[in-house]
Amino acid sequence: MIDTLKHQGLRNQLVELLKKKGIKNEQVLEAIRAIPRHLFMDSSFEDHAYQDKAFPIGEGQTISQPYTVAFQTELLQVAPYQKVLEIGTGSGYQASILLYLGVQLYTIERQQKLFKQTQQFLPKLLNRPVQMYFGDGYKGLPQQAPFHRILVTAGAPYVPTDLLSQLAIGGRMVIPVGNDTQIMTLYERVSDKEFHKTEYGDFQFVPMLPERN
Ligand code: SAH
C-alpha cells in the first residue's frame, strides 16, 4: 500500500482536469486529491489509475470514472456526521471519498467476492468507521433509515421506492436511472409524500442487478 510523490502528482493533474470539466466543490476536489485511487485497482492497472476512466475491478464490475465520482459527490452535497447510504460498494473508492468528507457511511454490495475483498481492505486504508452490508441495494437498509443522503453507484432501471421511502425529509438521493445509458437524477424529499426531481444529463454505469450470492 504505497503512495508515492509520483502518484500524488498524478492526482493533482487529475484534480485540474476535473476542475476543467466543471467540478467546483473544493472539498470534493480535496478528497480526490487525498484518496490514492491506485490502491483500489489491480496493480496491473496502476499506471492508468489517474486517467479519467472507469476500470475493471473483477466480477464484471468497474471502479467508476473519477469525473462521475466527483459529479455524484458534488450533487449529493454532504456535510460531516450526516447519515449516508451508498448502493454498490464495489472497490470502496466512492465510499472512501464520502468517508473523507466525514459522513457516517452505510454501504451495500450484492457480489459476495467484492464485498469480502473491500470489507478487508477499506478499514486498513482509512481509519474511519464504515458499516458494510452484503445484500440487495434495491431494498436499502430499513433498519437504519432514515438517511440524509442516498447515493446509487450502479445504473438503476427504475427508481426503487424502498430507497425513496428511506430518505429523510430534506434529504437528497442521487441515482443514475436508465438501461443502456443513465440519466443522473437528483431526488429531494420536500415532505412526507413530496419529492422534487432534477435531471443532470447522461452517464454510463454497470447495471444495478437483483441480489446474488
Ligand atoms: N462505488 C463503486 C462503484 C462500483 S460499480 C466504486 O467506487 O468502486 C457498481 C457496484 O454496484 C458493483 O460493485 C455492483 O456489484 C454493485 N451492485 C449492482 N447491483 C447492486 C444491488 N442491487 N445492490 C447492491 N450493489 C449492487
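Higher on the page you've got the structure.
Since the model is a prediction, treat every value here as computed from it, not as a measurement.

Calculation rules
- Residues numbered from 1 in each chain as written.
- Predicted model: local features only at pLDDT ≥ 70, side-chain atom pairs only at ≥ 80, totals over all residues.
- Heavy atoms only, no water.
- Helix = DSSP H or I, 4+ residues; strand = E, 2+ residues; numbered from the N terminus.
- Rg over C-alpha atoms; globule rule 2.2 N^0.38 Å.
- Buried < 20%, exposed > 50% of the residue type's maximum accessible area, 1.4 Å probe, protein only.
- Contact = heavy atoms within 4.5 Å.
- Lys, Arg positive; Asp, Glu negative; His and termini not counted.
- Charge placed at Lys NZ, Arg CZ, Asp CG, Glu CD.
- Near = heavy atom within 4 Å.
- Polar contact = N/O pair within 3.5 Å; in protein donor to acceptor, adjacent residues only side chain to side chain.
- Areas by Shrake-Rupley, 256 points an atom, 1.4 Å probe, with all protein chains shown as cover.
- Nonpolar A, V, L, I, M, F, W, Y, C, P; charged D, E, K, R; others polar.
- Salt bridge = Lys/Arg side-chain N within 4 Å of Asp/Glu carboxyl O.
- Pairing = 2+ DSSP bridges.
- Expected span 1.5 Å × (residues − 1).
- Arc of directions from axis to C-beta.

Novice: Lay out the overall build of the chain with the relevant residues and their values.
Specialist: Within the chain one finds six helices and nine strands. Computed over the C-alpha atoms, the radius of gyration of the chain is 16 Å, within 12% of the 17 Å expected from 2.2 N^0.38 for a compact globule of 213 residues. Projected onto its principal axes, the C-alpha coordinates of the chain cover approximately 50 × 40 × 35 Å. Relative to its 213 residues, the chain shows a buried fraction of 51%. Of the contacts made within the chain by residues no fewer than 6 positions apart, 52% connect residues no fewer than 24 positions apart. Across the chain, the mean location of the 22 positive side-chain charges is 3 Å away from that of the 21 negative side-chain charges.

Novice: Would you mind going over the site of the ligand in detail, with residue names and values included?
Specialist: Around the ligand lies a shell of 28 residues, among which Gly88, Ser91, Glu109, Gly137 and Leu209 are the nearest. Backbone polar atom of Gly88 to a nitrogen atom of the ligand: 2.9 Å apart, as the coordinates give it. Within the contact set of the ligand, a nitrogen atom lies 2.5 Å away from a backbone nitrogen or oxygen of Leu209. Compared with its free state, where it exposes 580 Å², the ligand has 99% of that area covered by protein. Listing elements by their share of the shell around the ligand, those giving two or more residues are β2 (61-63), β3 (83-87), α4 (93-100) and β4 (104-109). In terms of residue count, the dominant contributor to the shell around the ligand is β2 (three residues). Split by residue class, the shell around the ligand holds 11 nonpolar, 13 polar and four charged.

Novice: Outline the pattern of salt bridges, listing residues and values.
Specialist: Summed over all chains, the structure comprises nine salt bridges. A salt bridge links Glu16 to Lys19; its shortest N-O distance comes to 3.4 Å. Note that Glu16 and Lys19 are positioned in helix α1 (residues 5-20) at a spacing of three residues, about one turn of the helix. The salt bridge partner of Asp136 is Lys139, with a shortest N-O separation of 3.5 Å. We classify Asp136 as buried; its relative accessible area is 12%. What makes Lys139 partly exposed here is its relative accessible area of 45%.

Novice: If you had to explain unusual backbone geometry to someone new, which residues and values would you point to?
Specialist: With an omega of 5 degrees, the peptide bond between Ala145 and Pro146 qualifies as cis. Phi at Glu59 is positive, roughly 60 degrees, even though this residue is not glycine. Looking at where Glu59 falls in the secondary structure, it is placed in the loop between β1 (55-58) and β2. Glu59 sits in the partly exposed class, given a relative accessible area of 32%. At Gln77, a position not held by glycine, the phi torsion is positive, near 50 degrees. The class for Gln77 is partly exposed, based on a relative accessible area of 44%.

Novice: Pulling in residues and values, what's your account of the pairing of strand β7 (residues 167-177)?
Specialist: Counting buried residues along β7, nine of its 11 residues qualify, which places the element largely inside the surrounding structure. Relative to strand β8 (residues 182-189), β7 runs antiparallel, the two sharing six bridges. Along β8, the bridge assignment pairs Val177 with Ile183. What sits between the antiparallel neighbours β7 and β8 is a turn of four residues, in which Gly178 has the positive phi angle 145 degrees.

Novice: An account of α1 is requested, with residue identities and associated values reported.
Specialist: The end-to-end C-alpha distance of α1 is 23 Å, a good match for the 22 Å that 16 residues give at a rise of 1.5 Å each. Listed as buried for α1 are His7, Arg11, Leu14, Val15 and Leu18. Each buried residue of α1 lies within a common arc of 105 degrees when the element is viewed along its axis, so the set occupies one face. Of the exposed residues in α1, those oriented more than 90 degrees away from the buried face are Leu5, Lys6, Gln13 and Lys20. Along its buried surface, α1 packs onto α2 (26-34) and α3 (66-76). Phi turns positive, to about 115 degrees, at Gly22, one or two residues after α1.

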